[in-house]
Amino acid sequence: SDVYKRQYQRRVRGNMRQTVLLFSLVLSFSLVSSHSWVACTDYRGARGITGDNYNEADCFGFARNWETFNGGGFGVDRGYNYLPGGGAPCNPAAPRTTPFEAAYSDQYPMATYVPGRQVCLAWPSKNHVAASCTNAYIPDNGVKLLISGVNPSQDPTQAEFDNNVLVDWGANPFGEIAFKGYQNCSAFCDNMDKSLCSQCFIVPNLQDGIYTVQWWWEFNEGSIYTNCFEIRVGGGTTPIGSTPTDSSGSTPTDSSGTTPTDSSGTTPTGSSGTSNPTSPPSTLPPVPLSLDAIQPSLLPIEITTSGEFVVKVTYNAAGPRVLVVDLLDTPTYAWYGKGQINVTTGENTAEMTVMIYKPPPMGTNYILKGWLVSEADFNKADPWAYQLSAFEVPVEVGTEVVYPDNNVVPGNNDSEGKGLSGGAIFGIILLVLLIVIVIALILVYQFKRDAFNSLFGPKKAVITHSDDTDYKLMSNK
């Protein structure tokens with residue numbers, strides 16, 4: 001019995017050591033010293049789930065005083081991370097300046113946001129992502145953007161920021177490897193410390209002017225990190241501080257071949273702009289795209305539970321590609337509809353029809369996800385796993401197809417008659433032919449019946465009235 005007792009005690013001690021070790025591992029992942037910061041406030045590079053790395057040439061807007069803190073490359077620790085802990089909402093080491101342009105430079109300009117256009121932000125992963133190379137228990141309590149009123153004279157308080165949410169990207173579910181929220185990071189396991197993380201949103205209908213924005217991320221519960229930056233909102237596309245160039249080094253131009261200008265006809269250089277309200281434009285201004293990047297050009301804000309609708313997407317393909325737009329719900333990403341088109345090398349805008357194959361219930365929990373993939377990878381079992389770039393834009397399922405500013409789109413123009421698909425046209429022609437045939441059969445039958453009666457039918461008698469008031473029976477022969 002003593003031998004069995006000693007063996008039992010050894011097993012208990014071994015199990016306890018394993019339990020303590022496992023607990024320590026989980027604790028080390030969940031309580032690790034966290035830090036991160038927003039590195040780019042207008043990122044236009046490829047940002048798919050696999051293989052994409054940060055390219056500073058594709059950044060067209062930066063946070064405050066980035067010139068002071070940038071150095072050594074993307075994700076290198078330079079003291080820019082800031083944990084407010086109840087103090088100032090913006091990092092005192094990167095303070096607001098007067099004038100505000102002083103916090104930016106030609107090399108690190110302030111971003112310009114255009115209402116109705118998609119904008120993406122980028123930050124380094126800093127090891128804080130649930131993945132196969134770490135584990136599923138990396139905490140994330142949400143990442144979002146908070147915004148001031150137009151043309152603020154000072155930084156808002158945290159309470160004022162909290163009352164004005166520009167976009168809330170949510171959190172990655174604890175215990176899941178889902179690459180959501182803060183953890184939407186490309187090629188994380190290739191570089192766990194410095195991989196590209198990003199999220200995008202459509203700029204709402206904001207008044208023209210200057211705004212202060214706070215990038216807000218909560219790692220462990222109560223461990224909140226922030227960075228502040230200014231944006232210019234208006235119809236121009238040029239960041240304040242410089243005329244941007246794309247990754248090829250050329251200056252972006254609009255459809256007429258000229259450099260984008262503000263309402264005064266000059267290239268924006270730091271003016272606070274006018275205070276006139278602006279509506280989302282029907283045709284979004286062109287933006288320089290890196291290779292294999294995509295940008296929504298025209299998407300509906302409301303669709304119906306059946307039928308089809310038209311979308312337009314701008315792309316810059318490095319080779320033969322397939323451009324796909326899926327209708328999905330959130331947060332389950334259940335699939336309801338799809339449109340796709342093959343595109344060739346170069347930059348262009350593709351127009352495609354998205355068909356609804358499975359009727360979605362009415363509601364606001366839907367997105368249109370556009371993604372680009374090579375033709376070779378599109379034929380694989382899971383082509384979305386090989387996407388080169390992607391965007392997600394919210395859409396409502398309601399009673400009609402609606403576009404920003406009631407924009408007219410082929411196939412969705414009520415004033416000129418809705419476009420009909422080939423199948424609908426064929427059905428109408430078939431129905432008309434059927435009606436003609438039925439009418440012809442009726443006429444033939446009537447003619448034959450009358451002819452038969454006139455030849456072989458009974459003779460009819462006609463009663464007439466004579467002048468002498470006598471009635472005579474007269475034959476109709």
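Conventions used here
- Residues numbered from 1 in each chain as written.
- Predicted model: local features only at pLDDT ≥ 70, side-chain atom pairs only at ≥ 80, totals over all residues.
- Heavy atoms only, no water.
- Helix = DSSP H or I, 4+ residues; strand = E, 2+ residues; numbered from the N terminus.
- Buried < 20%, exposed > 50% of the residue type's maximum accessible area, 1.4 Å probe, protein only.
- Contact = heavy atoms within 4.5 Å.
- Areas by Shrake-Rupley, 256 points an atom, 1.4 Å probe, with all protein chains shown as cover.
- 1 Å grid on protein atoms, 1.4 Å probe; cavity = no way out; pocket = protein on both sides within 12 Å on 5 of 7 lines; lining within 4 Å.
- Points joined across faces, edges and corners; volume = space filled by probe spheres on them.
- Nonpolar A, V, L, I, M, F, W, Y, C, P; charged D, E, K, R; others polar.
- Polar contact = N/O pair within 3.5 Å; in protein donor to acceptor, adjacent residues only side chain to side chain.
- Disulfide = S-S within 2.5 Å.
- pLDDT = per-residue confidence, 0-100.
- Pairing = 2+ DSSP bridges.
- Axes fitted to C-alpha atoms, helices over the stretch in contact; angles between N-to-C directions.
- Phe/Tyr/Trp six-rings, centres within 6.5 Å; stacked < 30°, edge-to-face > 60°.
- Lys NZ or Arg CZ within 6 Å of the ring centre and 35° of its normal.
- Patch = residues over 30% accessible without salt bridge, like charges linked within 9 Å, V, L, I, M, F, W, Y side chains within 5 Å.
- Salt bridge = Lys/Arg side-chain N within 4 Å of Asp/Glu carboxyl O.

### Looking at the overall build of the chain
Of the regular secondary structure elements, the chain holds five helices and 18 strands. Looking at the chain as a whole, 46% of its 477 residues qualify as buried. Contacts spanning at least 24 positions in sequence make up 72% of the contacts within the chain whose residues lie at least 6 apart. As displayed, the chain offers around 24,400 Å² of accessible surface, 56% of which is attributable to carbon and sulfur atoms.

### Structural notes on empty space enclosed by the protein
Throughout the structure, instances matching the rule amount to three cavities of 30 Å³ or more. For the second largest cavity, the calculated volume is near 90 Å³. Contributing to the lining of the second largest cavity are 14 residues, with W37, W66, N70, G73 and G75 lying nearest its centre. When grouped by side-chain class, the residues that make up the lining of the second largest cavity number eight nonpolar, four polar and two charged.

### Side note on the environment of N91
Mapped onto the elements of the fold, N91 is located in the loop between α2 (66-69) and β1 (111-113). In the structure, N91 is positioned 136 residues away from N227 in sequence and 6.4 Å away in space, judged by C-alpha atoms. A distance of 2.9 Å separates a polar atom in the side chain of N91 from the backbone nitrogen of A93.

### A closer look at the state of the cysteines
On inspection of all chains with the given rule, the structure shows five disulfides. Linked covalently through their sulfurs, C90 and C228 form a disulfide whose S-S length is 2.0 Å. Looking down the S-S bond of the C90 and C228 bridge, the torsion is -80°, so its handedness is left-handed. Of this pair, C90 sits in the loop between α2 and β1 while C228 sits in strand β8 (residues 224-233), placing them 138 residues apart in sequence. A residue is classified by how much of its surface remains accessible, and C228, at 4% relative accessible area, is buried.

### Thoughts on the confidence of the model for the chain
With 70% of its residues at a pLDDT of 70 or more, the chain has an overall mean of 77. Confidence scores differ between elements of the chain, with strand β18 (residues 471-475) showing the lowest mean pLDDT of 45 and strand β3 (residues 143-147) the highest of 97. The low-confidence segment residues 19-33 (pLDDT under 50) makes 13 contacts with residues lying over four places distant or belonging to another chain. Low confidence marks residues 236-286, where pLDDT is under 50. Its contacts with residues over four positions away, or in another chain, come to 118 contacts.

### Examining the sheet that holds β3
Read across the open sheet, the five strands follow the order β1-β8-β7-β3-β4; overall the sheet is mixed. Pairing within the sheet leaves two strands with one partner each, and these edge strands are β1 and β4 (165-168). Each strand axis lies, on average, 35° off the axis of its neighbour in the sheet, ignoring direction. In this structure, β1 lies alongside β8, joined through three bridges in parallel fashion. Bridging from a neighbouring strand, T112 pairs with R232 of β8.

### Points about the packing of aromatic side chains
The way to describe two aromatic rings as a pair is by their centre distance and the angle between their planes. All chains considered together, the criterion is met by 16 aromatic pairs. Relative to F74, the ring of Y54 lies with its centre 4.2 Å away and its plane at 15°, an arrangement referred to as stacked. Of this pair, Y54 sits in the loop between α1 (2-30) and α2 while F74 sits in the loop between α2 and β1; the two residues are 20 residues apart in sequence, bridging distant segments of the chain. In this structure Y54 comes out as buried when scored by relative accessible area, which is 16%. What makes F74 buried here is its relative accessible area of 16%. In this structure an aromatic cluster arises from ring pairing among Y113, W123, W169, Y182, F201, W215, W217, F219 and Y225. Between the NZ or CZ atom of K144 and the centre of the ring of W216, over which it lies, the distance is 4.3 Å. Positioned above the aromatic ring of Y386, the side-chain terminus of K380 is 4.4 Å from the ring centre.

### Let's talk about a nonpolar patch on the surface
Taken together, the side chains of L431, L434, I435, V438, I439, I442 and L443 make up a nonpolar region of the molecular surface, amounting to roughly 680 Å² of accessible area. The topology assignment puts L434 in helix α5 (residues 422-456).

### Things to note about the sheet that holds strand β16 (residues 389-397)
Picture the strands of a sheet paired through backbone hydrogen bonds; they go either parallel or antiparallel. Spatially, eight strands are ordered β9-β11-β14-β13-β12-β15-β16-β10 in an open sheet, and the strand pairing comes out mixed. The open sheet has two free edges, formed respectively by β9 (293-298) and β10 (302-303), since each of these has just one partner strand. Here ten bridges tie strand β11 (residues 308-317) to strand β14 (residues 346-356), and the two strands are oriented antiparallel to one another. Bridge pairing in β14 links E308 to M355.

### Considerations on the pairing of β8
With nine of ten residues buried, β8 is to be regarded as a mostly interior element. Alignment of strand β7 (residues 209-218) against β8, held across ten bridges, turns out to be antiparallel. Bridge assignment links Y211 to a residue of β8, and that residue is I231. From the end of β7 to the start of β8, which pair antiparallel, there are five residues, and G222 there has a positive phi angle of about 90°.

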